[in-house]
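Coordinates in review
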Amino acid sequence: MENKCNVFKMEVEVAARRSFVSRCIASIAFAICELLRRWFIWIITAGPIPKHVAIIMDGNRRYAARRQMEKTSGHQFGYDSLMHTLRDCFDLGIKCVSVYAFSIENFKRSKEEVATLMNLMQEKLEALIEKESMVTEYGIRVQVLGELSLLPESVRRAAEKAMAMSRGNEKAVLNIFAPYTSTQEIVKAVENVRHEVLTRKIEVHEKIHGFHSQDDDDGSITEEIHGLQSSVTEDEIERHLYTADCGEPQLLIRTSGEIRLSNFLLWQSSFTFLYVTPVLWPEFSFWQLVKAILDYQKAYPLLQQKKRQLKSLISRNA
Amino acid sequence: MDMSLQAKNTAYSEKLIQGTAVRTTGGREIWNILALFCWHALHLTFIVIAYVATIINKSWSLLFAKESLEKSRASQRKKPQIVGVVIESEEAETEMSKVCKLLMWLADVGVQHVSLYDMEGLLKQSKRSLEKTLGNLNTQIQLVSTWEEHEKWTSESQSTEQPIMTVELLSICDGKEGIAKAARYLCANTLQKINSEGQHIDLKLTEADINRGLEAAGCAGPEPDLLLVFGFTRCLLGFPAWRLPFTEIIYMGMLKSLTLDSLLNAVDEFSTKNQRYGK
């Protein structure tokens, strides 16, 4: 850490020693970049823009290893990359961004790494409320989703605070999935559906037969299933998932070249456009995002057609 | 007199406001048309770049064919045992012979089980004819309807010492609908338990419970090592999601243009990937 500080100081000194001309050139270059960015955003928003984008941020450790740094320090770069990507996404008019920050599976990593990740998460969640720069600027509602009970006490408190502070924001949504796996989410949703249905059933039962009459055991399993047909449905399970209010993502981005869902939004991404880039997450820039959205726009008409087919299929079956 | 003048005045000012409104929307429209033009130009350039890139890639691989030989040697390390295949229903209808070819190639690679998926279930409907064509081709491929049947077949094939590849046909109703069915089964199960044993309903569920429910509903299946997606787009089209947590997904393009080479390339690609399972 100290080493890093020293490097930073040196960089500042070098920058201060720079001549006026080079500083001017740098600021002009920056302005041109910003202008180009605005221009591309203007062009791209002429086409269909996904409402909900999911991102699997892969490659932080590989990035650090490639730069011959300690593996865990890669996550800091990953965070920086996340911040500017979020800015780009909300500038493009994307309403909801879901990021896979930490998997339940990730607890298997070395204690050291888990600790650094947790510290980073706590620090950044607290910073989100303190400054409230981006969150208030864009009106973002922050949601930390997953098995929050698995998080350390301090991180969980930070998460709850961030969620409470941004609850009133309505312009955009940021879903941070940590610690999360999709299978766990589905299990939980089924569990909640079961709980709701059974409490309702027992209430009705008690109203008719009085308190706990155990005489009528005649309902066999098949009959019970028949009775549940209308109350336990696909839609009902969907309503109990974490993403109930944002719907399914239209675009899923995974960095560092591999296409696996890695147990992320399995249920929600069955009609999602999957975009993969070989770029590692800390290197992910605005231009990669542009490429992803251009690819999505190319596939858009076909995806719409598939969804229409699905709808007709469902209505035919029903 | 005064009133009418006032009315005239407001009408005039309203007209004025409307006029400016029309003018601004007109301006915005031109702006939008310009943006749309730029958008199309951008897409066109990207298509051209992608086209040129594929041509360069193809000629490159033709020039350096040696490399691919080395690759196939490397593939002997790790092979997919269970493969999922997603095809579009349109292609399932027209390219049935290609589907059979694909199955034969997969059997040659050494795959044990294939989960063949199309959204509308056209393959399920034409199961009979698929069976017939595969029978005519004299292959060791067996169509099964559930995963349990696969286990029966493999245990039989062990006795005859002939490797058999089983094929399971899936459609959209094996996906989310399957999980809903499993949930229904679990609900009914607990309800019965409550009735007979007076258990509390706040029992925790686990993944194993869902798997049990899926088995009871006839929608259970193995997690594929590799999922081959055919079609126009990189999209899973509703392939049973429960089975895909760590599956390697490879997009293959249209089924029509599939060759043995591209399939082997995909298998090679699979063998070079390493899974970390979150570690």
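Keep in mind that what you see is a predicted model, and the values were worked out from it rather than measured. In this numbering scheme, every chain counts its residues from 1 along its sequence in written order. Each chain is given a letter, starting from A, and each ligand a number, starting from 1, according to the order in which they appear as written. At least 70 in pLDDT is required for a residue's local features to be given in this predicted model, at least 80 for side-chain atom pairs to be given and counted, and no such filter applies to totals for whole chains, interfaces and linings, which use all residues. Values reported for side chains reflect all heavy atoms of the structure, with hydrogen atoms and water molecules removed beforehand.

**As for the overall build of chain B**
A tally of regular secondary structure across chain B gives 10 helices and 6 strands. Relative accessible area decides the class of each residue, using a 1.4 Å probe on protein chains only: under 20% of the type maximum gives buried, over 50% gives exposed, and in between gives partly exposed. By the burial criterion, 42% of the 279 residues in chain B qualify as buried. The criterion used for residue contact is that any of the two residues' heavy atoms lie within 4.5 Å. The long-range share in chain B, meaning contacts at least 24 apart out of those at least 6 apart in sequence, stands at 72%. When the accessible area of chain B is evaluated, it comes to approximately 15900 Å², of which 58% is carbon and sulfur surface. In DSSP terms, a helix is any run of H or I states spanning at least four residues, a strand is any run of E spanning at least two, and both are numbered starting from the N terminus. In these tables, accessible area is a Shrake-Rupley quantity obtained with a 1.4 Å probe, and a residue counts as shielded only by the protein chains included in the view.

**A word on the interface of chain A and chain B**
Taken together, the 70 residues of chain A in the interface contact 63 residues of chain B. Simply put, the buried area is the total loss of 1.4 Å probe accessible area from both parts when two parts are fitted together. Between chain A and chain B, the buried area comes to about 6400 Å², and carbon and sulfur atoms account for 67% of it. Per-residue buried area on chain A facing chain B is highest for Trp-42, Arg-194 and Arg-260 of chain A; these three make up 12% of the total on that side. Any Lys or Arg side-chain nitrogen located within 4 Å of an Asp or Glu carboxyl oxygen qualifies as a salt bridge. One can count 5 salt bridges joining chain A with chain B. We note a salt bridge from Lys-306 of chain A to Glu-88 of chain B, for which the minimum N-O separation is 3.3 Å.

**Looking at the confidence of the model for chain A**
All names here are of chain A. The predictor's confidence in any single residue is recorded as pLDDT, a number from 0 to 100. Counting all residues, the mean pLDDT for chain A is 86, and 86% of those residues have values of 70 or more. Confidence scores differ between elements of chain A, with helix 1 (residues 2-17) showing the lowest mean pLDDT of 59 and strand 1 (residues 52-56) the highest of 96. In this model, residues 212-218 is a region of pLDDT below 50 whose contacts with residues beyond four sequence positions or in other chains number 9 contacts.

**Some remarks on the pattern of salt bridges**
Taken as a whole and assessed by the stated rule, the structure comprises 29 salt bridges over all chains. Between Glu-248 of chain B and Arg-260 of chain A there is a salt bridge, and its shortest N-O distance comes to 2.9 Å. One end of the pair, Glu-248 of chain B, is in strand 6 (residues 248-253); the other, Arg-260 of chain A, is in the loop between strand 5 (251-254) and strand 6 (273-276), on a second chain. The class for Arg-260 of chain A is buried, based on a relative accessible area of 3%. A cluster of three or more residues bridged by salt bridges with shared partners is formed by Asp-58, Arg-62, Arg-254, Glu-258 and Arg-260 of chain A together with Glu-248 of chain B.

**Focus on the domain arrangement of chain A**
Residues and elements named next belong to chain A. Each assigned domain of chain A is listed here: domain 1 (51-180 + 248-318) and domain 2 (183-241). Carbon and sulfur atoms make up 57% of the area that domain 1 and domain 2 hide from each other, which totals about 760 Å². Here domain 1 is connected to domain 2 by 1 salt bridge. One salt bridge in this structure joins Lys-188 and Glu-147, with 3.3 Å as the shortest N-O distance. Counted as a polar contact is a pair of N or O atoms within 3.5 Å, where, for protein atoms, one must be capable of donating a hydrogen and the other of accepting one, and residues adjacent in sequence contribute only when both atoms are in side chains. Connecting domain 1 to domain 2 are 5 residue pairs in polar contact (both at pLDDT 80 or more). What marks off one domain from the next here is an automatic or database domain assignment.

**Things to note about the side chain of Asn-175 of chain A**
Residues and elements named next belong to chain A. Among the structural elements, Asn-175 can be located in strand 4 (residues 172-177). Since its relative accessible area comes to 0%, Asn-175 is described here as buried. Polar contacts involving the side chain of Asn-175 include one to the side chain of Gln-143, which spans 2.8 Å.

**Considering the sheet that holds strand 2 (residues 96-100) of chain A**
All names here are of chain A. A strand pair is defined by DSSP finding two or more bridges across the two strands. One open sheet accounts for 6 strands, arranged 3-4-2-1-5-6; its pairing is parallel. Lying at the two open borders of the sheet, with one neighbouring strand each, are strand 3 (140-145) and strand 6. Strand after strand, the sheet turns through a mean of 15° between neighbouring axes, direction not considered. Throughout, an axis means a line fitted to C-alpha atoms (over the contacting stretch in the case of helices), and angles, computed between N-to-C directions, take values from 0 to 180 degrees. Where helix 4 (residues 74-91) meets the sheet, it contacts strand 1, strand 2, strand 3 and strand 4, and its direction lies at approximately 155° from that of strand 2. Each of strand 5 and strand 6 is contacted by helix 11 (residues 286-317), which is oriented at about 150° to strand 6, the strand it contacts most.

**Observations concerning unusual backbone geometry**
Residue and element names in this part refer to chain A. Of the consecutive residues Ala-178 and Pro-179, the connecting peptide bond is found in the cis state with omega at -20°. Position of Pro-179 relative to the elements: it lies in the loop between strand 4 and helix 8 (182-209). The phi torsion at Gln-68 lies on the positive side, around 55°, for a residue other than glycine. You can see Gln-68 is positioned in the loop between helix 3 (60-66) and helix 4. Given the relative accessible area of 73%, Gln-68 is considered exposed.

**Things to note about the nonpolar core**
The tendency in soluble globular proteins is for nonpolar side chains to be buried side by side. Take the buried residues of types Ala, Val, Leu, Ile, Met, Phe, Trp, Tyr and Cys, join any two whose side-chain atoms come within 4.5 Å, and each joined set is a nonpolar core. By size, the foremost hydrophobic cluster in this structure holds 91 residues, and its most contacted members are Val-97, Leu-251 and Phe-264 of chain A. Those residues in contact with Leu-251 of chain A that sit more than four places away from it in its chain are Pro-50, His-52, Val-53, Ala-54, Thr-272, Phe-273, Tyr-275, Ala-292, Ile-293 and Tyr-296 of chain A. By size, the runner-up hydrophobic cluster in this structure holds 34 residues, among which are Cys-100, Trp-105, Val-114 and Val-167 of chain B.

**Some details on the packing of aromatic side chains**
Residues and elements named next belong to chain A. Two rings from Phe, Tyr or Trp (for Trp, the six-membered ring) form a pair when their centres are within 6.5 Å of each other. A pair whose planes differ by under 30 degrees is stacked, one over 60 is edge-to-face, and the rest are tilted. One pass over the structure, following the stated rule, counts 16 aromatic pairs over all chains. Ring centres of Trp-281 and Phe-284 lie 5.2 Å apart, and the angle between their planes is 25°; on these two criteria the pair is classed as stacked. Residue class for Trp-281 comes out buried when judged on its relative accessible area of 0%. Aromatic ring contacts, followed pair by pair, group Tyr-100, Phe-177, Tyr-180, Tyr-242 and Phe-264 into a single cluster.

**Some thoughts on helix 11 of chain A**
Expected helix span is given by 1.5 Å per residue-to-residue step, counting one fewer step than there are residues. If you check helix 11 of chain A, its first and last C-alpha atoms are 43 Å apart, about what 32 residues at 1.5 Å a residue would give, namely 46 Å. Two axes are fitted around each residue, one to the seven residues ending there and one to the seven starting there, and the angle between them is reported as the bend at that residue. Residue Tyr-300 of chain A marks the point of greatest curvature in helix 11 of chain A, where the axis turns by about 50°; the proline Pro-301 of chain A follows within four residues.

**Notes on the side chain of Gln-288 of chain A**
Residues and elements named next belong to chain A. You can see Gln-288 is positioned in helix 11. A distance of 3.0 Å separates the side chain of Gln-288 from the side chain of Ser-285, its partner in a polar contact. Look past the residues within four positions of Gln-288 in its chain and what remains in contact with it is Tyr-275, Thr-277, Val-279 and Glu-283.

**Focus on the packing of helix 2 (residues 20-44) of chain A against helix 11 of chain A**
Residue and element names in this part refer to chain A. At a minimum axis distance of 11 Å, the contact between helix 2 and helix 11 shows a crossing angle of 10°. Put simply, helix 2 runs roughly parallel to helix 11. Side by side, helix 2 and helix 11 meet where Leu-36, Arg-37, Phe-40, Ile-41 and Ile-44 of the first sit next to Phe-286, Trp-287, Val-290, Ile-293, Leu-294 and Gln-297 of the second. Here is the rule for angles: anything less than 35 degrees is roughly parallel, anything more than 145 is roughly antiparallel, 65 through 115 is roughly perpendicular, and the remaining ranges are oblique.

**Examining the UniProt feature "transmembrane region" (unreviewed entry) in chain B**
UniProt positions are given in the numbering used here, feature names are shortened, and annotations may be inferred rather than shown by experiment. This chain's UniProt record puts "transmembrane region" (unreviewed entry) on residues 30-56 of chain B. The span residues 30-56 of chain B carries 100% helix and 0% strand; its end-to-end C-alpha distance comes to 39 Å.

**Describing the packing of helix 5 (residues 111-130) of chain A against helix 7 (residues 153-165) of chain A**
All names here are of chain A. Running from N to C, helix 5 and helix 7 cross one another at 25°; their axes reach a closest spacing of 9 Å. Relative to helix 7, the element helix 5 is oriented roughly parallel. Helix 7 is crossed by helix 5, and the crossing has left-handed handedness. Every residue of helix 7 that contacts helix 5 at Met-118, Met-121, Gln-122, Leu-125, Glu-126 and Ile-129 is listed here: Ser-154, Val-155, Ala-158, Ala-159, Lys-161, Ala-162 and Met-165. For this classification, Asp, Glu, Lys and Arg are treated as charged, while Ala, Val, Leu, Ile, Met, Phe, Trp, Tyr, Cys and Pro are nonpolar and the rest, including Gly, are polar. Partitioning the contact of helix 5 with helix 7 into residue classes produces 9 nonpolar, 2 polar and 2 charged. In this scheme the handedness of a crossing depends on how the near helix is turned from the far one: anticlockwise by less than a right angle means left-handed, clockwise means right-handed.

**Things to note about the pairing of strand 5 of chain A**
Residue and element names in this part refer to chain A. Going residue by residue along strand 5, you find Leu-251 and Ile-253 tucked away on one face and Leu-252 and Arg-254 tucked away on the opposite face as well. As judged from the 4 bridges shared by strand 1 and strand 5, these two strands associate in the parallel manner. Its bridge partner lying in strand 5, Ile-55 is registered against Ile-253. Note: strand 5 against strand 6, 4 bridges, orientation parallel. Along strand 6, the bridge assignment pairs Leu-252 with Leu-274.

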